[in-house]
Amino acid sequence: MEEEMCVMTKIDIFSGFLGAGKTTLIKKLLTEAYKGEQVVLIEHEFGEIGIDGGFLKEAGIETKLFENVEPDPSVETVMKGAAVMREFEPDWIISMGGGSPIDAAKAMWVFYEYPECTFEEILTPFSFPELRKKAKFCAIPSTSGTATEVTAFSVITDYAKGIKYPLADFNITPDVAIVDPELAETMPKHLVAYTGMDALTHAVEAYVSTLHGTFTDPLALKAIQIVNDELTKSYDGDMASREEMHYGQCLAGMAFSNALLGIVHSMAHKTGAAFSTGHITHGLANAMYLPYVIKYNAKEAEAKKRYETIAAYLGLEASVDALCNRIVELNNYMGIPNTLKEFGIKEDEFKEKISEIAKNAVGDACTGSNPRSIDPETMEKLFTYIYEGKEEDF
C-alpha cells in the first residue's frame, strides 16, 4: 500500500463574515486581538486599503509603519524592513495589501528573528530556523491571486541577478489571515486578470503535483471551478464574482502550500526580471506558460489523466486540448498574450539569455514536484516553443 503524507499547518482564517464597513470591523478585530502589543505594519503604500494604522495607536497599541514595498520585492527591501523590526522589536507583524508586501514581510520576519542569517542560507526549501521566538504574523490580502496569506511561500527578487527566488518553509505560514473580499473591490482590471490566472495556475499545478493528496485535491478542484466560473465576470466588474474569486484563490493557496507546484512557476520565477524589454508580471507569465506546460506534462500518463479529470470537472470534453483551449480563451478575453514574442521580448536578447534562464528554471524549488521531469536542454526547447507559439512535439 502506498504511504501518503499530508502536512497541514494550523492557521486562523477569518473570511466572509466581515461584510459592509470592512475597515471598521477589521479595526475592531485587530485592536481587540493586539491590545498591549507592539506591532509593525507592512504595506505597499500608506493606507492603500483604507487602514492606515492610526487606529492601532489610538487603541494604545504601539505601532511602527514600514511602507513603499515595491511590486516583486527585492532582497534590499527585505533587509531594510528587517532592520526596522530589529530596532522596534514588535510582538506582531501585520502585513496588508497584495502579495508583494506580505511576501516581503515574511522574509523580513526571518532576518528580524535571526539577524546573523544570510539570504543565501534560506534559499534551500524547508531549511528555515524556527520562527515565533520574537513575533507572530497576521496577513490581510487586498488582491485575489497569490494566497500568500495561507501559504508557506514567499517570492523575493534579486534584481542584480535578474532572478526571482521562491522561499519555502512552513515557518513563514502566517498565524492569522483575514480574507475579506471587500478589500479586493478596487483592483484594476489588469490586476484582476493576472492574479486570477495566478490562482488558476496554483490550483492546476497543485492538482497534478507529485505531492498531491486526498486533502489537497478537493481544494484544488474547487478553486479551478471558481476561477473558470467567476474570473471573467470579476474582470468585467461583477462584485459577487470578485468575492468568489477572493475565496477561490485562498483555496488554491491551501492546496499548493501542501501539494507544492510545478515548472510553470519555475519558468515564471526565472523570466520575470530577466529581460530588458520589461518585467513580466508573475500572473501574466503563469497564464502564458500554463497551456504549454500542460501539453508537455501530459506526455506522462498520470498527469494526462488528471488534466482530463479537470476538464471533465469543468463540464468540458475530458481532454488535454479542451483544457488548454479554455485557458487560452480566458487569456484572450482578458488581453493576456499567449507567446513571449507577442509579449514583446526581443528575439536576439531571448536567444542570448535563454540557455542560462533554462538552467536556472530547472534548479528552481518548484521543479521537483512537477509531474514530468525536465533537463536544461528540454527546458530551453520548451521556452523556445513558447516564444514562437509552436505546438509541442516532444
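Residues numbered from 1 in each chain as written. Predicted model: local features only at pLDDT ≥ 70, side-chain atom pairs only at ≥ 80, totals over all residues. Heavy atoms only, no water.

Student: Which parts of the structure should I look at to understand the overall build of the protein?
Tutor: Scanning the protein from terminus to terminus reveals 14 helices and 8 strands. Counting over 394 residues, the protein shows a buried share of 58%. In the protein, of all internal contacts separated by at least 6 residues, the share reaching a separation of at least 24 is 77%. Counting every atom, the protein has about 15,700 Å² of accessible surface; 50% of that belongs to carbon and sulfur. (Helix = DSSP H or I, 4+ residues; strand = E, 2+ residues; numbered from the N terminus. Buried < 20%, exposed > 50% of the residue type's maximum accessible area, 1.4 Å probe, protein only. Contact = heavy atoms within 4.5 Å. Areas by Shrake-Rupley, 256 points an atom, 1.4 Å probe, with all protein chains shown as cover.)

Student: When you look at the nonpolar core in this model, what are you seeing that I'm missing?
Tutor: Nonpolar side chains tend to gather and get buried jointly when the protein is soluble and globular. Ranked by internal contacts, the top residues of the largest apolar core, which has 79 residues, are Y289, Y307, L340, L382 and F383. Top element by residues in this core is helix α5 (residues 189-208). It accounts for 11 residues. (Core = buried A, V, L, I, M, F, W, Y, C linked by side-chain atoms within 4.5 Å.)

Student: Even after reading the chapter, I still don't get the packing of α5 against helix α9 (residues 282-297), so can you show me in this structure?
Tutor: Packed helix pairs are specified by the crossing angle of their axes together with the interaxial distance, meaning the distance between the axes. Where α5 meets α9, the axes come as close as 7 Å, and the angle between the chain directions of the two elements is 40°. With respect to α9, the axis of α5 lies oblique. Considering the relative orientation of α5 and α9, their crossing is left-handed. Here Y194, M197, D198, L200, T201 and V204 of α5 come into contact with α9, specifically with H282, G283, L284, N286, A287, L290 and I294. Split by residue class, the contact of α5 with α9 holds 8 nonpolar, 4 polar and 1 charged. (Axes fitted to C-alpha atoms, helices over the stretch in contact; angles between N-to-C directions. Parallel < 35°, antiparallel > 145°, perpendicular 65-115°, else oblique. Left-handed = near helix turned anticlockwise from the far one by under 90°. Nonpolar A, V, L, I, M, F, W, Y, C, P; charged D, E, K, R; others polar.)

Student: Which parts of the structure should I look at to understand the environment of A358?
Tutor: Take A358: it is sitting in helix α13 (residues 347-362). Judged by relative accessible area, which is 0%, A358 ranks as buried. Those residues in contact with A358, other than ones at most four positions away along the chain, are P376, M379, E380 and F383.

Student: Just to check I follow, could you spell out empty space enclosed by the protein for this structure?
Tutor: Taking a probe equal in size to a water molecule and rolling it over the atoms shows the remaining empty space. Taken as a whole, this structure holds 2 cavities of 30 Å³ or more when the rule is applied. The wall of the largest cavity is formed by L200, I224, V227, N228, L314, L323, R326, I327 and L330. Counting only elements with at least two residues in the lining of the largest cavity, the list comes to α6 (216-235) and α11 (320-333). Its residues assigned to classes, the lining of the largest cavity comprises 7 nonpolar, 1 polar and 1 charged. Around the second largest cavity sit V204, E205, V208, V264, L290, V293, I294, N297, Y307 and N370, which together line it. Where the lining of the second largest cavity is concerned, the elements lending two or more residues are α5 and α9. (1 Å grid on protein atoms, 1.4 Å probe; cavity = no way out; pocket = protein on both sides within 12 Å on 5 of 7 lines; lining within 4 Å. Points joined across faces, edges and corners; volume = space filled by probe spheres on them.)

So far we have only geometry, and geometry alone does not tell us how the molecule works.
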